[in-house]
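The residues making up each chain are set out below.
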Amino acid sequence: MTDTDAPAISWPRLEARLAELARIGDTGDGGCSRLALTDADREGRDLVVSWMRELGLRVDVDGIGNVVGTWPADATEAPVLTGSHIDTVRTGGRYDGNLGVLAGLEAVETIITSGLELARPVAVAFFTGEEGSRFAPDMFGSLVYVGGLPLEEALDTVAVDGAVVGDELERIGYVGPLPCPARPPAAFVELHIEQGPVLEAEGDTIGAVTGVQGISWQEVTVTGQSNHAGTTPMDHRHDPAYVAAALAVFVRELADEAGPPQVATVGRVELHPNLVNVVPARATFTVDLRHTDDDALRAAEEAFAARADALAATEGVTVERRSLARFAPVEFDAGMVDRVERTARARGHSVRRMPSGAGHDAQMLARVCPTAMVFTPSVDGISHNPDEHTLPADLEAGAGVLFDVLVQLATE
Ligand code: HGY
Ligand code: MN
Ligand code: MN
Ligand code: MN
């Protein structure tokens, strides 16, 4: 699809939609905050759904709030599906997830206006709660979509702020009749920013993503004895803050010693009662461990558990570990990855085959259909940060590759 008379996406239209969606939950510093199923998320959903309806797509909502826009509207066959997520972390950027949904919408709109003869329907989706930061696990909606989490269990999930998923879906009006799990699409392709430093460092424009590394999220609750900060001798203390801090240092040193691709993050820490002159009663924190090799990931989990138990014994506290998410590494369909690479090269782009450090809805869709991802570079490798940025030319390049891959899959 590279000759001059071939249909082409409209970058100005895509750029305008990215900017309009970014205004919802705008944090004033270039970023977005639309935590899953909050009012800001609802506003973003309503805007994207209005664009889907203006295009004449059939808009289906399933029981966990995933939204799929299908063309033709009367299609009954399994579509070629694209999409991503529009929920963000609290300090999110404007492209994480949003690019994949809006570039997918742009591709579908271009397919419609070009009058291309389709062999199968096309569709664009946004999945509920991909970030997993308000309620876990991440890739929440797409996991239910593919049957990896029963709908009833998902609806009963409690968010970090105490809200219940089912109540939140009702509140924002996104409980739909489409059954979960969904009928598998014919194929799935997701465009996403890399969110890391590799493409920029290597000077490549497109990533042909080979798969997604394994993810292990735990919530750790350390319970000790609250006491007076001034009167309690150090050898009388059962201090959860000390154990939490020691474990945060442990996972950092574990990852430093293991070297790439092992990564480890303590992202959320809460102390109770969280007061300057009280030895805490309780420390609750999260540990995010990731690795491309599942055995290495399991070894890191086991080392963490052993260290936690040893510290609990010496400090006289209890440590409870609760899994929030555990996904083994995923390999994408080799033929689909080749297709992304071939298509990007045909457009004259430099392409790199690479695994994804971040989790994505595509890793769930890979369970039920041939799946691949297209990456575009992240400036300074920054993401989950208001400074998240990708050059317009790279955004347009990614959207063009996505369009070509979708057209191939829908017309062959
Ligand atoms: O955590 C992740 O990798 C994704 O952003 N949900
Ligand atoms: Mn994302
Ligand atoms: Mn993200
Ligand atoms: Mn993702």
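What you see is a predicted model, and the numbers here were worked out from it, not measured in a lab.

(A) Spotlight on the UniProt feature "domain: Peptidase M20 dimerisation" (unreviewed entry) in the protein. Per the UniProt entry, the sites bearing "domain: Peptidase M20 dimerisation" (unreviewed entry) are residues 211-312 in this numbering. Counted over residues 211-312, helix gives 37% and strand 32%. Its end C-alpha atoms are 37 Å apart.

(B) The arrangement of the coordination of the manganese ion (ligand 4) in detail. Coordination of the manganese ion (ligand 4) by the protein involves Glu-130 (OE), Gly-359 (O) and His-360 (ND1), with metal-donor separations of 2.0 to 2.7 Å. Sequence spacing of the donors to the manganese ion (ligand 4): E-x228-G-H. Distance-wise, the manganese ion (ligand 2) is placed 2.8 Å from the manganese ion (ligand 4). Linking Glu-130 in the loop between strand E4 (122-126) and helix H4 (140-145) with Gly-359 in the loop between strand E15 (351-356) and helix H11 (362-365), this pair joins segments that are 229 residues apart in sequence. For the pair formed by Glu-130 and Gly-359, the shared burial category is buried.

(C) Representation of the domain arrangement of the protein within the structure. Domain parsing of the protein yields domain 1 (3-213 + 329-411) and domain 2 (214-327). On a C-alpha basis, the centres of domain 1 and domain 2 stand 33 Å from each other. Contact residues are listed per partner, giving 18 residues for domain 1 and 14 residues for domain 2. Counting each side, the surface lost to burial between domain 1 and domain 2 is near 1,100 Å², with a carbon and sulfur contribution of 65%. Contact with domain 2 buries surface across domain 1, with Asp-138, Gln-213 and Pro-329 losing the most and accounting together for 53% of the total. Taken together, domain 1 and domain 2 are joined by zero salt bridges. Where domain 1 meets domain 2, there are one residue pair in polar contact (both at pLDDT 80 or more). The class makeup of the residues in the side of domain 1 that touches domain 2 is 10 nonpolar, five polar and three charged.

(D) Up close: the packing of helix H3 (residues 98-114) against helix H12 (residues 392-411). Between H3 and H12, the shortest axis-to-axis distance is 9 Å and the interhelical angle comes to 55 degrees. Of the possible angle classes, the one that applies to H3 and H12 is oblique. Crossing geometry of H3 relative to H12 is assigned as right-handed. When H3 is examined against H12, the residues Leu-99, Ala-103, Gly-104, Ala-107, Thr-110 and Ile-111 are found in contact with a partner set consisting of Leu-395, Ala-399, Leu-402, Phe-403, Leu-406 and Val-407. Of the residues contributing to the contact of H3 with H12, the split by class is 10 nonpolar, two polar and no charged.

(E) Representation of the coordination of the manganese ion (ligand 2). Taken together, His-85 (NE2), Asp-96 (OD) and His-192 (NE2) make up the protein donors of the manganese ion (ligand 2), found 2.0 to 2.3 Å from the metal. Between the donor residues of the manganese ion (ligand 2), the gaps in sequence give the motif H-x10-D-x95-H. A separation of 3.5 Å is found between the manganese ion (ligand 2) and the manganese ion (ligand 3), which are bridged by Asp-96. Here His-85, found in the loop between strand E3 (80-84) and H3, pairs with His-192, found in strand E5 (residues 187-193); they are 107 residues apart in sequence, far enough to count as distant.

(F) Representation of the nonpolar core in the model. Core analysis: the biggest nonpolar cluster contains 100 residues, and Val-48, Met-52, Leu-81 and Leu-102 have the highest contact counts within it. No other element matches the 11 residues that H12 contributes to this core. Residue-level mapping places this core at the junction of two domains, with at least three residues from each of domain 1 (3-213 + 329-411) and domain 2 (214-327). Setting aside its immediate chain neighbours within four residues, Val-48 contacts Leu-21, Ile-86, Val-101, Leu-102 and Phe-126.

(G) Geometry of the side chain of Gln-195. Structurally, Gln-195 can be placed in the loop between E5 and helix H7 (198-202). Sequence-distant contacts of Gln-195, that is, excluding residues within four places in its chain, are made with Asp-96, Ala-358, His-360, Ser-378, Gly-381, Ser-383, His-384 and Glu-388.

(H) Broad picture of the site of ligand 1. Neighbouring residues of ligand 1: Glu-130, Glu-131, Asp-138, Trp-217, Arg-290, Ala-358, Gly-359 and His-384. Separating an oxygen atom of ligand 1 from a side-chain N or O atom of Glu-131 is a distance of 2.9 Å. In the model, an oxygen atom of ligand 1 is placed 2.7 Å from a nitrogen or oxygen of the Gly-359 main chain. In the complex, 95% of the free accessible area of ligand 1, which totals 220 Å², lies under the protein chains. Each residue belonging to the shell around ligand 1 can be placed in one class, and the counts come to two nonpolar, two polar and four charged.

The rules we used
- Residues numbered from 1 in each chain as written.
- Chains lettered and ligands numbered in written order.
- Predicted model: local features only at pLDDT ≥ 70, side-chain atom pairs only at ≥ 80, totals over all residues.
- Heavy atoms only, no water.
- UniProt positions renumbered as here; feature names shortened; annotations may be inferred.
- Helix = DSSP H or I, 4+ residues; strand = E, 2+ residues; numbered from the N terminus.
- Donors = N, O, S within 2.8 Å, 3.2 Å for Na, K, Ca; no water.
- Buried < 20%, exposed > 50% of the residue type's maximum accessible area, 1.4 Å probe, protein only.
- Domains from an automatic or database assignment.
- Contact = heavy atoms within 4.5 Å.
- Buried area = accessible area lost by both parts, 1.4 Å probe.
- Salt bridge = Lys/Arg side-chain N within 4 Å of Asp/Glu carboxyl O.
- Polar contact = N/O pair within 3.5 Å; in protein donor to acceptor, adjacent residues only side chain to side chain.
- Nonpolar A, V, L, I, M, F, W, Y, C, P; charged D, E, K, R; others polar.
- Axes fitted to C-alpha atoms, helices over the stretch in contact; angles between N-to-C directions.
- Parallel < 35°, antiparallel > 145°, perpendicular 65-115°, else oblique.
- Left-handed = near helix turned anticlockwise from the far one by under 90°.
- Core = buried A, V, L, I, M, F, W, Y, C linked by side-chain atoms within 4.5 Å.
- Near = heavy atom within 4 Å.
- Areas by Shrake-Rupley, 256 points an atom, 1.4 Å probe, with all protein chains shown as cover.

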